[in-house]
Amino acid sequence: MAVLPQPEQDVRVLRAHPRALYGLAANPALPPDLVDRLIDVADAELGGVLADRADLTQPQAVALADRVEEAAVPLACAGRLTAADVDPVARPHTALALLDAGIGDPKWARRFVADPVVDHRERLAACPGLPPDVTETLAADPDVRVVTELALWATPDLAARLARHPHAEVRSAVAHNEATPPEVLAMLLGGGGLPAARRCLVCDQEETPSALDTHGRRPHGEPLPGDACDGSHRSAVLRLRARALGNPATPTASVTGFAGHPSVLLRRQLATRRDLPTGAGERLAADPAPGVRGDLAENPAIGEALMRVLARDRDPGVRRSLALNPRVPLDVLTGLARTTRIGSILLPRIAAASPAEVEELAASPEPAVRTLLAERRDLPAGVRDALALDPDAKVVKAVAPHPGLTGARLRAMVDGHGGRVAARVAANPDAPAALLADLVLREPPVRGVFREVAGHRHAGARALIACLADERARPVAAGHPVLPVAALGELLADDDEDVAEAAAANPSLPPALMRALLGEATP
């Protein structure tokens, strides 16, 4: 059982780092009366931390929302507040959050649609289930930001109407909306069948300074860096087409011609489509831009023949993208393992390998192939143990975090391969406390070990104290519930704010230290 700190440690608490208070607000063991005291002194940042507490009572949530509006919005989104708790005049953002969650007062929508604050109308436009008259008013809003937001969520009928809006930014939002009818998307992509757009964000920059709003922003937003317009709204049209190409509702027949478009952005969007025609895929496989070929290689819709072509691509990034494809043939993947640096990740195709394929991969003469398999965490015990005995350190390193390995097996892996596998052994969820302590005390030290041990569920006090000496592991160890209480008192005053905050959030922090810490902040 932890021993309470001596009186002199309480004095150190009174000099705690200011950030410790934020850790205290997140501490799951904080008594309810101290939660109340924190609510009474909360600012925007502290209120945000308190709003995430799972144990807030309804009265506490209401009190916090009344004090800090920035906390009220996440509370509303989480369903911790009701419409009866919110005054839409005093707390407009909270009321809008409730409307967005579908639990606000329907009357509020008619109030906000006439609100002079553009931001309020824009947020309203994203809310579901608005009355038809409110939607119609938003569709005719004089500020394009409001209409653009509405277009992103519009129903098919409304999206079809907004596709004819004179501003290109609204049309671009329609192109992104998956509810937009396919024939409308085809028209937006091809540019035919619709009246030409008359405005774009670049055009809007010609507004006189008197058109700026109270925050110094132009009423129609700002163009992106590099946007240009010579009267054709070319940047806006390019963005619109990219969104239409990325929209799965856009008809396949209307996208094929973009395989030869001069814009790399559009060709990359096309390369990701799940309905990519074979002819377009073949053309993109020969694209001069590696990004296009890489996006194509990762697309599970391409066929085996095209994958085999891309497996020979001169660019290693393209080949790595192909390795990430969940449908890549296993023989192609094993070939890629020999020629491409893939990294320590579980590939989708390896994760989906059948039991027979797992046996085949485990028996591969190529260490790189066995390493790919070793990244799985659901291997049969026999395969797992065989990989743990592999003569290649990369294979052993990959399998080291696999659950089910015994402490003796893990120790043998470190004895055989030393620092090359130590950090991954420390990451094993079944690593025993004695082994973890030995890993942090071994010479020469392996830095990656400390961070893994600092957050390990089996780490003991001796190992955690050693982890405090490592800069990267220190904040993690400070939050570990097994860390001795005597150490926590000093860590609350640590110069590193992350360490102090983690120590204050430690669930093993004694109530006496919590009260002393809060007493400093609330005289």
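Starting afresh in each chain, residues are numbered from 1 along the sequence in its written order. Selection of residues for local features in this predicted model requires a pLDDT of at least 70, selection of side-chain atom pairs for listing and counting requires 80 or more, and totals for whole chains, interfaces and linings are taken over all residues. As a convention, hydrogens and water are excluded, and side-chain values are obtained from all of the structure's heavy atoms.

## Structural notes on helix H10 (residues 132-139)
At 3.6 residues per turn, the α-helix brings residues three or four places apart onto the same side.
Consideration 1: Whether a residue is buried, partly exposed or exposed follows from its accessible area with a 1.4 Å probe, protein chains only, as a fraction of its type maximum: under 20%, in between, or over 50%, in that order. The helix count covers DSSP runs of H or I at least four residues long, the strand count covers runs of E at least two residues long, and both are numbered beginning at the N terminus. Those residues of H10 not exposed but buried are Val-134, Thr-135, Leu-138 and Ala-139. End-on, the buried residues of H10 take up no more than an arc of 135°, which puts them together on one face.
Consideration 2: It only takes one pair of heavy atoms within 4.5 Å for two residues to be counted as in contact. Where H10 is buried, its residues meet helix H8 (107-112), helix H9 (118-125), helix H11 (144-153) and helix H12 (156-162). Here, the arc refers to the directions that run from the helix axis to the C-beta atoms.

## A short note on unusual backbone geometry
Consideration 1: Pro-444 follows Glu-443 through a cis peptide bond whose omega is -5°.
Consideration 2: Within the secondary structure layout, Pro-444 lies in the loop between helix H29 (433-441) and helix H30 (447-454).

## Topic: the nonpolar core
Consideration 1: Among the nonpolar cores identified, the biggest contains 156 residues, and Leu-64, Leu-124 and Leu-162 are the most heavily contacted of them.
Consideration 2: Grouped together as the second largest cluster of nonpolar side chains are 5 residues, Ala-168, Cys-200, Val-202 and Ala-236 included. Only buried residues count toward a nonpolar core. Its members are Ala, Val, Leu, Ile, Met, Phe, Trp, Tyr and Cys residues joined through side-chain atoms within 4.5 Å.

## Some remarks on the side chain of Arg-319
Consideration 1: Relative to the elements of secondary structure, Arg-319 occurs in helix H20 (residues 316-323).
Consideration 2: Charge counting treats Lys and Arg as positive and Asp and Glu as negative, with His and both chain ends excluded. Just to be clear on terms, a salt bridge is a Lys or Arg side-chain nitrogen sitting within 4 Å of an Asp or Glu carboxyl oxygen. It turns out Arg-319 is buried and unbridged, and the closest side chain with the opposite charge, Asp-313, is 5.8 Å from it.
Consideration 3: Among all residues touching Arg-319, those that are not within four sequence positions of it are Leu-310, Ala-311, Asp-313, Arg-314, Leu-336, Thr-339 and Thr-340.

## A few points about the pattern of salt bridges
A side chain with one charge may pair with a side chain of the opposite charge, provided their charged atoms come close.
Consideration 1: Scanning the model with the defined rule gives 26 salt bridges in all.
Consideration 2: Measuring nitrogen to oxygen at the nearest pair gives 2.7 Å for the salt bridge that ties Glu-45 to Arg-19. Linking Glu-45 in helix H4 (residues 44-51) with Arg-19 in the loop between helix H1 (7-13) and helix H2 (20-26), this pair joins segments that are 26 residues apart in sequence.
Consideration 3: Here Arg-308 and Asp-331 are joined by a salt bridge, their closest N and O atoms 3.0 Å apart. One end of the pair, Arg-308, is in helix H19 (residues 304-310); the other, Asp-331, is in helix H21 (residues 330-339), and 23 residues separate them in sequence.
Consideration 4: Looking at Arg-308, the relative accessible area reads 29%, which means it is partly exposed.
Consideration 5: Its relative accessible area of 44% is what places Asp-331 among the partly exposed residues.
Consideration 6: Linked by salt bridges that have partners in common, Arg-19, Glu-45 and Glu-501 make up one network.

## Comments concerning the packing of aromatic side chains
Consideration 1: Whether two aromatic rings pair depends on their centres lying within 6.5 Å, for rings of Phe, Tyr and Trp, where Trp uses its six-membered ring; planes under 30 degrees apart make the pair stacked, over 60 edge-to-face, and the rest tilted. Inspection of the entire model under this criterion finds 0 aromatic pairs.
Consideration 2: Should the NZ of a Lys or the CZ of an Arg lie within 6 Å of a ring centre and within 35 degrees of the ring normal, that charge is described as sitting over the ring. Here the basic side chain of Arg-19 rests over the ring of Tyr-22, its NZ or CZ set 4.1 Å away from the ring centre.
Consideration 3: Across the ring face of Phe-112, the terminal group of Arg-111 is positioned such that the distance to the ring centre comes to 4.8 Å.

## Topic: the environment of Val-449
Consideration 1: Relative to the helices and strands, Val-449 is located in helix H30.
Consideration 2: A residue is classified by how much of its surface remains accessible, and Val-449, at 0% relative accessible area, is buried.
Consideration 3: In sequence terms Val-449 and Pro-88 are 361 residues apart; their C-alpha atoms lie 52 Å from each other.
Consideration 4: Once residues lying within four places of it in the same chain are set aside, the contact partners of Val-449 are Ala-422, Ala-423, Ala-426, Leu-439 and Val-440.

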